[in-house]
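Structure assessment
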Amino acid sequence: KLRAVNAKIAKLESDFNAAVAKQTELQDDMNLCEVKLVRAHKLIGGLGGEKARWGQNVKDLGEMSDLLPGDCIVAAGMVSYVGPFTAGV
């Protein structure tokens, strides 16, 4: 009868040790997931800032494209004024 009790105690200790190992493994996985979650929040926050920056860049380029025809006319006038052609040609 003592052997049966000792065997049962050994089995319970074995089960307990396995459960503690599983708990430790799950705790480590949980900590890793928390770190990944923090990193994901940082990445999303950074990308949100990038969205604002890209939106401003698009707006600025749109405004610059409105000025492009006038800039081309000024550049063409300057090239024709100081260009390679002399008055004698």
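My aim in this report is to walk through the structure given alongside it, one point at a time.

Definitions and limits used
Residues numbered from 1 in each chain as written. Predicted model: local features only at pLDDT ≥ 70, side-chain atom pairs only at ≥ 80, totals over all residues. Heavy atoms only, no water. Helix = DSSP H or I, 4+ residues; strand = E, 2+ residues; numbered from the N terminus. Rg over C-alpha atoms; globule rule 2.2 N^0.38 Å. Buried < 20%, exposed > 50% of the residue type's maximum accessible area, 1.4 Å probe, protein only. Areas by Shrake-Rupley, 256 points an atom, 1.4 Å probe, with all protein chains shown as cover. Salt bridge = Lys/Arg side-chain N within 4 Å of Asp/Glu carboxyl O. Expected span 1.5 Å × (residues − 1). Bend = angle between axes of the 7 residues up to and from the residue.

Take the overall build of the protein next. Counting its secondary structure elements, the protein contains 1 helix and 0 strands. Relative to the 2.2 N^0.38 estimate, which gives 12 Å for 89 residues, the radius of gyration of the protein is 37 Å and therefore markedly larger than a compact globule would have. Each of the three principal axes of the protein carries a C-alpha extent, and together these read 125 × 25 × 10 Å. When each of the 89 residues of the protein is scored for burial, the buried share is 0%. For the protein, the computed accessible surface area is about 8,300 Å², with 68% contributed by carbon and sulfur atoms.

Turning our attention to the pattern of salt bridges. This structure, assessed with the given rule, holds 2 salt bridges. D15 is the salt-bridge partner of K11, the closest N and O atoms lying 3.1 Å from each other. Here D15 and K11 lie together in helix α1 (residues 2–82), a separation of 4 residues that amounts to about one turn. Across the pair E50 and R53 runs a salt bridge whose closest N-O atoms are separated by 2.9 Å. Of this pair, E50 and R53 are both found in helix α1, 3 residues apart, which corresponds to roughly one turn of the helix. Relative accessible area serves as the criterion here: at 47%, R53 is assigned to the partly exposed category.

Turning our attention to α1. If you check α1, its first and last C-alpha atoms are 112 Å apart, about what 81 residues at 1.5 Å a residue would give, namely 120 Å. L68 marks where α1 bends most, by close to 40°; the proline P69 follows one to four residues later.

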